[in-house]
Amino acid sequence: MTRTADDDQVSEHVLVALADPTRREVLAMLAREGGATSTSLAASLPVTRQAVAKHLAVLDRAGLVRAHRAGREVRYEADLQPLKQTTQWMATLATQWEHRLNAIKALAEGATGPLNPACHPTNPSQCRVSSSR
């Protein structure tokens with residue numbers, strides 16, 4: 001799976017949006033309740049409606065919420081697709097690191113001498129430190 005600049009930007013916005021515990025709670029509430037207004041969200045949180053509106057704007061920029069006007073009210077719903085994209089990317093990254101760490105571990109267990117801490121698992125010859133010092 002090849003990532004694009006747009007994918008990177010989505011992930012960055014998602015991670016920034018979820019860095020704040022209030023925004024995580026707002027998103028969780030929307031996902032749980034299926035939708036709400038900033039006023040109804042603020043009633044359940046220790047922040048003002050204006051603060052909730054600012055948090056919703058950040059979540060909206062990340063694509064994590066969708067706004068729908070219903071008369072005078074604006075209702076927000078969670079859209080978890082950008083979160084799924086980001087977690088898939090994170091899982092892929094974690095798998096790559098796990099493979100690299102396993103390769104380094106295998107090299108370390110099979111090595112007869114000390115290992116170079118800067119070694120790279122795709123070039124095992126770099127990993128063994130020369131004992132001719």
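It should be noted that the structure appears before, not after, this text.
Residues numbered from 1 in each chain as written. Predicted model: local features only at pLDDT ≥ 70, side-chain atom pairs only at ≥ 80, totals over all residues. Heavy atoms only, no water.

A. Fine view of the overall build of the chain. When you go through the chain residue by residue, the secondary structure sums to 5 helices and 3 strands. Helices (α) and strands (β) of the chain occur, in sequence order from the N terminus, as α-α-β-α-α-β-β-α. The buried share of the chain, taken over its 133 residues, is 26%. Here the chain has roughly 8900 Å² of accessible surface; of this, 54% comes from carbon and sulfur atoms. (Helix = DSSP H or I, 4+ residues; strand = E, 2+ residues; numbered from the N terminus. Buried < 20%, exposed > 50% of the residue type's maximum accessible area, 1.4 Å probe, protein only. Areas by Shrake-Rupley, 256 points an atom, 1.4 Å probe, with all protein chains shown as cover.)

B. Region of interest: the packing of aromatic side chains. Under the defined criterion, the tally for this structure stands at 0 aromatic pairs. Here the guanidinium or amino end of Arg 100 rests over the ring plane of Trp 97, the centre of that ring lying 4.9 Å away. (Phe/Tyr/Trp six-rings, centres within 6.5 Å; stacked < 30°, edge-to-face > 60°. Lys NZ or Arg CZ within 6 Å of the ring centre and 35° of its normal.)

C. The arrangement of the packing of helix H2 (residues 21–33) against helix H4 (residues 49–61) in detail. Taken N-terminus to C-terminus, the directions of H2 and H4 make an angle of 75 degrees; their axes are 10 Å apart at the nearest point. One finds that H2 runs roughly perpendicular with respect to H4. Contacts between H2 and H4 involve Thr 22, Arg 23, Val 26, Leu 27 and Leu 30 on the former and, on the latter, His 55, Leu 56, Val 58 and Leu 59. Looking at the contact of H2 with H4, its residues break down into 6 nonpolar, 2 polar and 1 charged. (Axes fitted to C-alpha atoms, helices over the stretch in contact; angles between N-to-C directions. Parallel < 35°, antiparallel > 145°, perpendicular 65-115°, else oblique. Contact = heavy atoms within 4.5 Å. Nonpolar A, V, L, I, M, F, W, Y, C, P; charged D, E, K, R; others polar.)

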